[in-house]
Amino acid sequence: MKQNLLTIVIGAVLVIIFALLLFVFQVRQSEIAVVTTFGKPVQNITEPGAYFKWPWPIQNVYKFDKRIQNFEDKFSQTLTADNNNLIVTIFTGWEISDAKEFYPKFLGSVPAAQRALESMMRNAKNAVIASHNLSDFVNSDPQQLKFDAIEGEIKAEVQAELSTNNYGIQLDFLAFKKIELPESVSATVFSRMTAERQQIISSLQFAGDAESNNIASAADRLAAGVVNNALADATRIRGEGEAAAAQVLPVFQQNPELANYLLRIDALKQSLNQRSTLIFDERTPPFDLFQNLPKNSPTN
Amino acid sequence: MSHDHEHHDHDAPETQDAGSQALAEALRSSFAIVKIVMALMVLAFFGSGFFTVGPQEKAVILRFGKPVGEGDKILLNAGLHWSLPYPIDEVVKIPITEQQIVSSTIGWYLTTPEAELSGEEMPAGPTLNPAIDGYVLTADRNILHARATLRYHIDDPMRYVFGFTNAQMTVQNALNNALLYTAASFNVDDILLNRVDEFREAVQLRVTDLAEQQQLGIVIEQCDVESRPPRQLQSVFDQVTDARVNRDKALIGAHSYENQITNSAGAQAVSIINRAEADRTNYVASITAEAKRFTDLLPGYETNRNLFAQMTLVQTMGQVLTNVQDKIYLPQRADGQPRELRLMLNREPPQPKNAASP
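Residues numbered from 1 in each chain as written. Chains lettered and ligands numbered in written order. Predicted model: local features only at pLDDT ≥ 70, side-chain atom pairs only at ≥ 80, totals over all residues.

1. Section: the domain arrangement of chain A
All names here are of chain A. The condition that has to hold: Start and end points for every domain follow an automatic or database-based domain assignment. For every residue pair, C-beta atoms are placed from the backbone, and the pair is scored as a contact if these atoms sit within 7 Å. Strands here are runs of E lasting at least two residues and helices are runs of H or I lasting at least four, both read from the DSSP assignment and numbered beginning at the N terminus. When residues are sorted by character, Ala, Val, Leu, Ile, Met, Phe, Trp, Tyr, Cys and Pro go into the nonpolar class, Asp, Glu, Lys and Arg into the charged class, and all the rest, Gly among them, into the polar class.
For chain A, the domain assignment lists domain 1 (2-65) and domain 2 (69-181). Taken residue by residue, the interface counts 7 residues in domain 1 and 8 residues in domain 2. Contributions of two or more residues to the side of domain 1 that touches domain 2 are made by β2 (31-37), β3 (40-45) and β5 (59-65). Top element by residues in the side of domain 1 that touches domain 2 is β2. It accounts for 3 residues. Among the residues making up the side of domain 1 that touches domain 2, the classes are represented as 6 nonpolar, 1 polar and no charged.

Structure, rendered in structure tokens:
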């Protein structure tokens, strides 16, 4: 009896597992699925979890990656509105948003979907780029640079196409990956760049000379001004001194003779200062003593 | 019959007993083995649910495809964990704390890291082939090579792993686009020289914006950008650099001349003023002193002019004669005739003889 119970339990477990395998399927976090009944898509499953279905051949489940997939188109040449040839690659992030629509359109084949996406991208790219000038792609003025706007226009066109055809695909983002020029144009650009560089070189040389001359001459002018101002100040200061001295002069007016005498005495002192040679005879005071000794003259 | 039967029954166990006993024995022991094996298998089944999460990663348990837990608890940290075995649970490991690095794939000419290191790059042709040589167009329509390396870490692992088939590639394309876009809005000299940092920051800003728009679930840590002129034009770009260096040199020279000349003019001015100030002070002081002396002497002078004059003269001569270096006394000749005197005066100090010659 005990053994029978065990057998029954084991049997039941096996049956349950078998039934689960037949009737239940899992959809992972990163997946999206469509359930078909006799090949006809009937149910979209967008949330992860375990789901019920009738076993094959009644119902079938097709699971797809619902994560954002990277896709970029081929490098292709496009003409801008002002007849510049650009070679452009755009990349996109797209996802399968509606498995029920996606499955019958592409038979679940991602490469087939990407082929369709690529042709839509190419058409949109050509159409949008043809309506813009090169200056919309490259410009130092942020107001005139329409890089983002162009990307937005292409994205909008592709999105419009996707929703008209109801592909079950959602375009998450679209942006330029590469913008280059045809090989022959690169040579033209090189020669223009060389010319620009040479112009910069000569203007640098000219600017260097001119600017350093300016600096030097300005410095000279400034220095001369400073010295001249100082000279003018010096004259003024000396004048002040003379004016102050002039106030003293009346003192000497009391006896010009004495003033004159004192000046000569000073002149004598100054002229016979250091390192001079004096030749004198007995008439020179005080050596006149040699000649005329004072006597105890009876006259006095 | 019954006896027969009984007999038979009685007999058979005898002979069967040995066989069935052996069989039962065998069955029992093999059942025991099977039981042990089953127990081991059950253990193994549940034991297989153990897994470790390394320090550089997180893990998510998907139960029937759905993440287990709520909010932040979805992510399992480093350590030992247990999940129900497949196909009920599935463990997805996500590298997270480690820094991720991507490099741009556009904008640089065809080369390899090895060739770059050894300096043996392929010579540049006269043109750039868009199929193999990358470059970017600048705002002033110049061709420029630029490349970038982006360091980031994953901030939202659920989004990074479950939102994108290849998130790293999406980041890479965002970086490519940022390089392209930023170059298109900068002039060539700004990228190479004048606004190098601004350019780098603009690239990083654009990547950050794109990562946010596309909800990549990453945090940008650092973005390094390198740019250089096309190799075809390297020499002419170098000439510009030389010209710039020369200009700077000339300017530095001019500025140092400026400094020197203004400094010396300033010094000269100061000395002129100082001299004038000193002159003024001296002049006033000396004339005041003169005036004082005059006033002091005046009464004496007026008392006896002759005596005063003689005394002052003699006093002065005394002073003068002390100071005079050479004094030559030459008395009058007795006959009253003039004397002829020859003097050789040499005030120059004798030159040191050993100064110049070795």
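2. Overview of the confidence of the model for chain B
Applied cut-off: The quantity called pLDDT is the predictor's confidence in a given residue, expressed from 0 to 100.
Across chain B, the average pLDDT comes to 84, with 91% of residues at or above 70. The ipTM value of the predicted complex is 0.74, and its pTM value is 0.70.

3. Observations concerning the sheet that holds β2 of chain A
Residue and element names in this part refer to chain A. For clarity, the cut-off: The pairing criterion is simple: DSSP has to find at least two bridges between the two strands. Note on geometry: axes are lines fitted to C-alpha atoms, helical ones only across the stretch in contact, with angles between N-to-C directions running from 0 to 180 degrees.
An order of β3-β2-β5 is seen for the 3 strands of this open sheet, with the pairing classed as antiparallel. The two strands at the open ends of the sheet, each matched to only one other strand, are β3 and β5. Averaged over all adjacent pairs, the angle separating strand axes in this sheet is 25°, with direction ignored. The pairing of β2 with β3 spans 5 bridges and is antiparallel. In the strand pairing of β3, V34 is matched with N44.

4. Overview of the interface of chain A and chain B
Taken together, the contact pairs 98 residues of chain A with 99 residues of chain B. When residues of the side of chain A that touches chain B are assigned to their parent elements, the largest contribution, 39 residues, is made by helix α6 (residues 183-248) of chain A. Looking at the side of chain A that touches chain B residue by residue, the classes come out as 54 nonpolar, 24 polar and 20 charged. As judged from the 4 bridges shared by strand β10 (residues 277-280) of chain A and strand β10 (residues 326-329) of chain B, these two strands associate in the parallel manner. Paired with T277 of chain A across the bridge in β10 of chain B is D326 of chain B.

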